[in-house]
Amino acid sequence: DAGVIQSPRHEVTEMGQEVTLRCKPISGHNSLFWYRQTMMRGLELLIYFNNNVPIDDSGMPEDRFSAKMPNASFSTLKIQPSEPRDSAVYFCASSRDSGSYGYTFGSGTRLTVV
Amino acid sequence: AQTVTQSQPEMSVQEAETVTLSCTYDTSESDYYLFWYKQPPSRQMILVIRQEAYKQQNATENRFSVNFQKAAKSFSLKISDSQLGDAAMYFCAYRSPLPAYKYIFGTGTRLKVLA
């Protein structure tokens, strides 16, 4: 198994531009999570999908953020328009049984908004 | 609300020695899960060990073991025979029982391994 695959690994964009982060979870995992990691706030859960359905998006900062999971093997996190304060590392993780066995994380996308 | 506290921002250990990282949490639930994750400089988060709260036996994975004290709400990680590759940030995490899904990470402890 190739693990959780995220792309791109790095993204540099100008303020106001749209950014799309991508994630392919592990086959057979029914839960998918998007996290954001910053020095100031640590790891924050943005949104959680179970069986492709968003269950909890209370961590999504504001309307500029949106996430989709059109099928069991693909998810996107979109930021539009992007702002410098969105600069962070964004992780996708997947799991069986809603995380009770722990997460498998992707390698993350480092987003820099200038 | 549930919280996870890692009070040691940084720890150091000599190679081949043993080190213990501390984690405390607060919850009113009786059935939950606890985890330790490792984040090396490559930044990918890796699951180290998992503990189910209803099991009294402490989890062990090779050189990694936990000391789970449910009444004290303490969940420490012991790394034996420390290796240079153990140098990383270590995060303690708590997962609440369903249906109220809460997965909370501590702020992390940076572990340095000295040759």
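Remember, predicted model here, so these are calculated numbers, not experimental data.

1. Some points on the state of the cysteines
Residue and element names in this part refer to chain A. One pass over the full model with this rule turns up two disulfides over all chains. Through a disulfide, Cys23 is tied to Cys92; the S-S separation comes to 1.9 Å. Of note, the bridge from Cys23 to Cys92 carries an S-S torsion of about -65 degrees and is left-handed in sense. A residue pair is termed long-range when its members are at least 10 positions apart, and Cys23 in strand S3 (residues 19–24) and Cys92 in strand S9 (residues 88–95) qualify at 69 residues. Cys92 matches Cys23 in its accessibility class, with the two residues each being buried.

2. A short note on the side chain of B:Asp86
Residues and elements named next belong to chain B. Relative to the helices and strands, Asp86 resides in the loop between strand S9 (74–79) and strand S10 (88–95). A distance of 2.8 Å separates the side chain of Asp86 from the backbone nitrogen of Gln83, its partner in a polar contact. Contacts of Asp86, omitting those with residues within four sequence positions, involve Lys38, Arg63, Phe64, Ile79, Asp81, Leu111 and Val113.

3. Observations concerning the side chain of A:Asp86
Within the secondary structure, A:Asp86 sits in the loop between strand S8 (74–79) and S9. A distance of 2.6 Å separates a polar atom in the side chain of A:Asp86 from a polar atom in the side chain of A:Arg64.

4. Focus: the sheet that holds strand S7 (residues 65–71) of chain A
Residues and elements named next belong to chain A. One open sheet holds the four strands; their spatial order is S1-S3-S8-S7, and the pairing between them is antiparallel. Lying at the two open borders of the sheet, with one neighbouring strand each, are strand S1 (5–7) and S7. Across the sheet, the mean angle separating the axes of adjacent strands is 15 degrees when strand polarity is ignored. Relative to S8, S3 runs antiparallel, the two sharing five bridges. For Arg22, the partnering residue across the bridge sits in S8 and is Thr76.

The rules we used
Residues numbered from 1 in each chain as written. Chains lettered and ligands numbered in written order. Predicted model: local features only at pLDDT ≥ 70, side-chain atom pairs only at ≥ 80, totals over all residues. Heavy atoms only, no water. Disulfide = S-S within 2.5 Å. Helix = DSSP H or I, 4+ residues; strand = E, 2+ residues; numbered from the N terminus. Buried < 20%, exposed > 50% of the residue type's maximum accessible area, 1.4 Å probe, protein only. Polar contact = N/O pair within 3.5 Å; in protein donor to acceptor, adjacent residues only side chain to side chain. Contact = heavy atoms within 4.5 Å. Pairing = 2+ DSSP bridges. Axes fitted to C-alpha atoms, helices over the stretch in contact; angles between N-to-C directions.

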